[in-house]
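Here is how the chains run, residue by residue.
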Amino acid sequence: FLTLICKATMEALTGKWKVVGEEGSMSAFLTERGVPLPVRKVLELMSKGGEFEFAIKDNAFCETEIGMIRNTVKPPLPLDGSPQDVTTPSGDPCFTTCVWEDGTLKITETMKADSTDIVNQEIVVDGSTIKRTYTNKKTGTFFTGILNKI
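Source: prediction; values computed, not measured. (Residues numbered from 1 in each chain as written. Predicted model: local features only at pLDDT ≥ 70, side-chain atom pairs only at ≥ 80, totals over all residues. Heavy atoms only, no water.)

(A) Quick peek at the packing of aromatic side chains. Under the counting rule described, the total for this entry stands at 5 aromatic pairs. Note on Tyr 134 and Phe 143: the rings are 4.9 Å apart at their centroids and 10 degrees apart in plane angle, and the pair reads as stacked. Each member of the pair, Tyr 134 as well as Phe 143, carries the same accessibility label: buried. Chaining the aromatic ring pairs together yields one cluster made of Phe 29, Tyr 134 and Phe 143. Its guanidinium or amino end placed over the ring of Phe 95, Lys 112 lies 4.8 Å from that ring's centre, counting from NZ or CZ. The ring of Phe 52 has Arg 132 lying over it, and the distance from NZ or CZ to the ring centre is 5.9 Å. (Phe/Tyr/Trp six-rings, centres within 6.5 Å; stacked < 30°, edge-to-face > 60°. Buried < 20%, exposed > 50% of the residue type's maximum accessible area, 1.4 Å probe, protein only. Lys NZ or Arg CZ within 6 Å of the ring centre and 35° of its normal.)

Dropping the structure here:
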């Protein structure tokens, strides 16, 4: 059962968000993860004012990247931690899980080719601000995107 705090966090997460800042180095993180240069450039552009829409539907985290030409809807991630087949921006197949833990949405990407190659993502909602941190578990390299509700 979801706690009241978890339900309130889910409700706060729902809506449209705009990237307003970054902590750490997204470029270094993406380079280290093997993301090709053209894809890195698009992701780095999104990190400078990009917009996203988040929702919880049918007990799954749903994310849409709002683009200038078209929107990209990512596959929903069930909040029960069941692994989903996903492809990373570097083109690597992985198992992705998603759970709420202590008021934080935690998404884990485990590469199929190397189960020790893991990217952890934590989404923390604080009022009208989100901090979304990506961490390369092998090296500790990370970056945090800061988003404001729009």
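(B) Summary view of the nonpolar core. Core analysis: the biggest nonpolar cluster contains 21 residues, and Leu 13, Phe 54, Phe 61, Leu 105 and Ile 130 have the highest contact counts within it. Where this core is concerned, the elements lending two or more residues are helix H1 (4-13), strand E1 (15-24), strand E2 (51-57), strand E7 (93-101), strand E8 (104-111) and strand E9 (118-126). Once residues within four sequence positions are removed from consideration, Phe 54 is found in contact with Leu 13, Thr 14, Gly 15, Trp 17, Phe 61, Cys 62, Glu 63, Ile 130, Arg 132 and Leu 147. Leu 30, Val 35, Leu 43 and Val 119 belong to the second-largest nonpolar core, a separate cluster that totals 8 residues. (Core = buried A, V, L, I, M, F, W, Y, C linked by side-chain atoms within 4.5 Å. Helix = DSSP H or I, 4+ residues; strand = E, 2+ residues; numbered from the N terminus. Contact = heavy atoms within 4.5 Å.)

(C) Broad picture of unusual backbone geometry. Phi angles above zero are rare outside glycine, and Asn 59 is one such case at about 60 degrees. Secondary-structure assignment places Asn 59 in the loop between E2 and strand E3 (60-66). Take Asn 59: its relative accessible area is 44%, and that puts it in the partly exposed class. Positive phi values are uncommon outside glycine, yet Asp 102 reaches one of about 55 degrees. Its location among the elements puts Asp 102 in the loop between E7 and E8. Accessibility expressed as a relative area gives 77% for Asp 102, which makes it exposed.

(D) Region of the structure containing the side chain of Arg 132. Within the fold, Arg 132 resides in strand E10 (residues 129-136). Residue classification places Arg 132 among the buried residues on the basis of a relative accessible area of 6%. At 2.8 Å, the side chain of Arg 132 forms a polar contact with the side chain of Glu 63. (Polar contact = N/O pair within 3.5 Å; in protein donor to acceptor, adjacent residues only side chain to side chain.)

(E) Representation of the pairing of strand E11 (residues 142-149) within the structure. Note that E1 and E11 share 7 bridges and pair antiparallel. Residue pairing in the sheet places Lys 18 in a bridge with Asn 148 of E11. Looking at chain direction, E10 and E11 are connected through 7 bridges and run antiparallel. Bridging across to E11, Thr 133 finds its partner in Thr 144. (Pairing = 2+ DSSP bridges.)

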